[in-house]
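Examination of the molecular architecture
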Amino acid sequence: MHKVAIVGRPNVGKSSLFNRLIGRREAVVADFPGVTRDAKEEVMLYHNHRITLIDTGGLWSGDEWEAVIREKAEWALEGADAVIFVLDPRDGLSAADYEVADWLRRLGRPVVVVANKIDSPKHEPYLAELWALGFGEPVAISAEHARGLDDLMDRVMEHL
Ligand code: GDP
Ligand code: MG
């Protein structure tokens, strides 16, 4: 089964997206012992494909981007076929975001950049900046309003 990991800094909406994609269907929940109680994985269905979705929330501790955290994140991402890199573009990009981007590049997994909290078309101008991360066109979504989720999953499926 394909594995897709959701990464990003705290508060960008990873868990909201995770819950949206999973829906309310019964699913397997597994903690990653020794890493964080927040990181969990569940199985989602998309067009009859079963995909294991991993919410890596808790691996990031804000700007405290230390080797030990990276190591744990690497371990959690081991075996992921693709990565959903979630950002809140209303904040703009920080040095930490570029650091995470470089780290993801070295990890060598396909990355889909997601601009979350694009609740309405008036937020779309925020998107342009995210091209600078070097992973191609960002996908605009609103986890809260369930906007753009099919676009996102179509992009992810291209890598599976
Ligand atoms: P995480 O720390 O990355 O897992 O982020 P959460 O999923 O816990 O969300 C952090 C905050 O952002 C919560 O208050 C959410 O309600 C809010 N949030 C998540 N998605 C959206 C969205 O699409 N639009 C808006 N306006 N807020 C959102
Ligand atoms: Mg979370």
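Residues numbered from 1 in each chain as written. Chains lettered and ligands numbered in written order. Predicted model: local features only at pLDDT ≥ 70, side-chain atom pairs only at ≥ 80, totals over all residues.

**With respect to helix H1 (residues 14-22)**
Our working definition: Whether a residue is buried, exposed or partly exposed follows from its count of other C-beta atoms within 10 Å of its own C-beta, namely 20 or more, 12 or fewer, or something in between, respectively; the C-beta atoms are built from the backbone. Numbering of helices and strands runs from the N terminus, with a helix taken as a DSSP run of H or I at least four residues long and a strand as a DSSP run of E at least two residues long. In this description, the arc belongs to the directions extending from the helix axis to the C-beta atoms.
The complete set of buried residues in H1 reads Lys14, Leu17, Phe18 and Leu21. Across the axial projection of H1, the buried residues extend over an arc of 100°, all falling on one side. Where H1 terminates, the next one or two residues include glycine 23, which has phi positive at roughly 70°.

**Here we look at the confidence of the model for the chain**
Our working rule: Each residue carries a pLDDT score, the predictor's confidence in it, ranging from 0 to 100. Two residues qualify as a contact pair if the distance between their C-beta atoms, derived from the backbone, is within 7 Å.
Per-residue confidence for the chain gives a mean pLDDT of 83; residues scoring 70 or more make up 80%. Within the chain, strand E6 (residues 111-115) carries the highest mean pLDDT (98), whereas strand E2 (residues 30-32) carries the lowest (46). With pLDDT under 50 throughout, residues 25-37 is counted as low confidence; its partners more than four residues away or in other chains account for 20 contacts. What the predictor reports for the complex is a pTM of 0.89 with an ipTM of 0.99.

**Some thoughts on the site of ligand 1**
Inclusion rule: Working rule for contacts: place C-beta from the backbone, and if it is within 6 Å of a molecule or strand, that residue counts as near it. Note on residue classes: Ala, Val, Leu, Ile, Met, Phe, Trp, Tyr, Cys and Pro are nonpolar, Asp, Glu, Lys and Arg are charged, and everything else, Gly too, is polar.
With respect to spatial proximity, 15 residues lie near ligand 1, and among them Gly13, Lys14, Ser15, Ser16 and Glu144 are the closest. For the shell around ligand 1, the class distribution of residues is three nonpolar, eight polar and four charged.

**Quick notes on the pairing of E6**
Note the cut-off: Strands pair, by our definition, only if DSSP identifies at least two bridges between them. Here a crossover is taken to be right-handed if, once the strands point away from the viewer, the path from the first strand over the helix to the second is traced clockwise.
Within E6, five of the five residues are buried, which leaves the element mostly enclosed by the surrounding structure. Along E6, one buried face is formed by Val111, Val113 and Ala115 and the opposite face, lined by Val112 and Val114, is buried too. Where strand E5 (residues 82-87) lies against E6, five bridges are found, and the strand directions are parallel. In the sheet register, valine 83 faces E6, and the bridge partner there is valine 111. Handedness of the β-α-β unit built from E5, helix H3 (residues 95-107) and E6 comes out right-handed.

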